[in-house]
Amino acid sequence: MRRKKGPLELDLMGRAVDITREAHVVAMATARPGMYEYEIEALLRSVFRKHGSERPAYAPIVGSGPNATVLHYHKNNRRMEDGDLLLIDAGTEYGYYAADVTRTFPVGGKFTAPQRTIYDLVLAAQDASIEATRPGATIDEVHQASVRVLAEGLVALGFIEGPVEEAIKEERYKRYYMHKTSHYLGMDVHDVGRYFEDGKARPLESGVVITVEPGLYIAANDDKVPAEYRGIGVRIEDDVLVTPGGHRVMSEAIPRRTADVEQACRPR
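Here goes a summary of the coordinates provided.

**Quick word on the overall build of the protein chain**
And step 1. In terms of regular secondary structure, the protein chain is built from 6 helices and 13 strands.
And step 2. Projected onto its principal axes, the C-alpha coordinates of the protein chain cover approximately 50 × 50 × 30 Å.
And step 3. Scored against the burial criterion, the 268 residues of the protein chain give a buried share of 57%.
And step 4. Taking the intrachain contacts of the protein chain between residues at least 6 apart in sequence as the baseline, contacts between residues at least 24 apart amount to 71%.
And step 5. Taken together, the 35 basic and 40 acidic charged side chains of the protein chain have centroids lying 2 Å from each other.

**Comments concerning the side chain of R256**
And step 1. Counting through the fold element by element, R256 comes out in the loop between β13 (246–249) and α6 (258–264).
And step 2. Residue classification places R256 among the buried positions, given a relative accessible area of 6%.
And step 3. With residues up to four places along the chain from it excluded, the contact list for R256 reads R103, Y119, L123, Q126, D127, I130, I236, D238 and V261.

**Looking at the pattern of salt bridges**
And step 1. Applying the stated rule across the entire model yields 24 salt bridges.
And step 2. Among the ionic pairs, R2 bridges to D191, the shortest N-O distance being 2.5 Å. Taken as a pair, R2 in the segment before α1 (7–30) and D191 in the loop between α5 (164–169) and β7 (196–197) lie far apart in primary sequence, 189 residues in all.
And step 3. One network of salt bridges, in which partners are shared, links D127, E252, R256 and R257.

**Here we look at the packing of aromatic side chains**
And step 1. Applying the stated criterion to the full structure yields 5 aromatic pairs.
And step 2. Centroid distance F159 to Y176: 6.0 Å. Interplanar angle 50°. Geometry classified as tilted. With F159 in the loop between α4 (139–157) and α5 and Y176 in the loop between α5 and β7, the pair connects residues that are 17 residues apart, well separated along the chain. Across this residue pair, the class does not change: F159 and Y176 are buried.
And step 3. Where Y184 meets Y195, the ring centres are 4.4 Å apart and the plane angle is 10°; that geometry is what we call stacked. Here the residue Y184 occupies a position in the loop between α5 and β7, and Y195 occupies one in the loop between α5 and β7, the gap between them amounting to 11 residues.
And step 4. Here Y184 falls in the buried class, since its relative accessible area comes to 2%.
And step 5. A residue is classified by how much of its surface remains accessible, and Y195, at 29% relative accessible area, is partly exposed.
And step 6. Among the aromatic residues, those joined into a ring-pair cluster are F159, Y176 and Y229.

**Section: the packing of α1 against helix α2 (residues 37–50)**
And step 1. The contact between α1 and α2 brings their axes to 9 Å, and the two run at 145°. Remark: the crossing between α1 and α2 carries right-handed chirality. Across from I19, T20, E22, A23, H24, V26, A27 and T30 in α1, the residues of α2 making contact are I40, L43, L44, V47 and F48.
And step 2. Across the contact of α1 with α2, the residue classes break down as 9 nonpolar, 3 polar and 1 charged.

**Remarks on the pairing of strand β9 (residues 209–212)**
And step 1. Side-chain alternation along β9 places V209 and T211 on one buried face and I210 and V212 on a second face that is also buried.
And step 2. Examined bridge by bridge, β9 and strand β12 (residues 238–243) share 4 bridges and lie antiparallel to one another. Bridging across to β12, V212 finds its partner in D238.

**Some words on unusual backbone geometry**
And step 1. P163 follows G162 through a cis peptide bond whose omega is 0°.
And step 2. Structurally, the position occupied by P163 is in the loop between α4 and α5.
And step 3. With phi around 55°, E171 is a residue other than glycine that occupies positive phi space.
And step 4. Turning to its location among the elements, E171 is positioned in the loop between α5 and β7.
And step 5. Overall, E171 belongs to the partly exposed group, its relative accessible area being 38%.
And step 6. Its identity as a non-glycine residue notwithstanding, D198 has a phi of 55°, on the positive side.

**Observations concerning the side chain of T181**
And step 1. Note on placement: T181 falls in the loop between α5 and β7.
And step 2. Overall, the relative accessible area of 0% leaves T181 in the buried class.
And step 3. At 2.8 Å, the side chain of T181 forms a polar contact with the side chain of H143.
And step 4. Beyond its immediate chain neighbours, meaning those up to four positions away, T181 contacts S129, V142, H143, S146, T211, V212, E213 and P214.

Each value, and the rule that gives it
- Residues numbered from 1 in each chain as written.
- Predicted model: local features only at pLDDT ≥ 70, side-chain atom pairs only at ≥ 80, totals over all residues.
- Heavy atoms only, no water.
- Helix = DSSP H or I, 4+ residues; strand = E, 2+ residues; numbered from the N terminus.
- Buried < 20%, exposed > 50% of the residue type's maximum accessible area, 1.4 Å probe, protein only.
- Contact = heavy atoms within 4.5 Å.
- Lys, Arg positive; Asp, Glu negative; His and termini not counted.
- Charge placed at Lys NZ, Arg CZ, Asp CG, Glu CD.
- Salt bridge = Lys/Arg side-chain N within 4 Å of Asp/Glu carboxyl O.
- Phe/Tyr/Trp six-rings, centres within 6.5 Å; stacked < 30°, edge-to-face > 60°.
- Axes fitted to C-alpha atoms, helices over the stretch in contact; angles between N-to-C directions.
- Left-handed = near helix turned anticlockwise from the far one by under 90°.
- Nonpolar A, V, L, I, M, F, W, Y, C, P; charged D, E, K, R; others polar.
- Pairing = 2+ DSSP bridges.
- Polar contact = N/O pair within 3.5 Å; in protein donor to acceptor, adjacent residues only side chain to side chain.

Structure follows, in structure tokens:
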């Protein structure tokens, strides 16, 4: 019953996404070198509450610089520096329904060339997985669409050894992409519902909402990559509704293309 959303549920989730959009956009326009991560966390929580949300859907992740490479980072206490990327994984809850969105953007307003390279690779992977989201597809197929794009990019950059098919088979990409691409979303941020039935991946159906959230995380001490790429962490996450004809990105209005992200980082 909770896996497939009805019209009222989608209205509530849409409102949660709208509030989340406002919070992310305000954060992009506000974050500056010298601020602390917890100041942005406080701002997110303030926007959520201002628009009628009783609580965040989960504790916000606000990770700058090398902290963006740490999954489920939660301290949010680092002073941000010029040249940092800031990864914000934050969504609000409205009417007991959750939004779950991640954006990564440059604190100084402009991506460096290496940051843009990694960001655009993650974005291409997300585009591929969103395109794969449709009735009859499986969560694993959505995941594999991101894996292929990221593996191709990592091989091209020389971060992992090719050929691509072997890199995928041997999961060499997992050094930089160690989590899955999607989960169900609804009354809980990781909502209920079986992913497998009778040992087989369960097909997606119209009315199901999932996240699509590929990422790349390059540790600051990773000596297998050029120095300019070390410490870069990027994740891009959107909430995607499976529709009868394919999909609808519920959080599409939150900037994610590089030019749009840089534009959003300008002070209001």
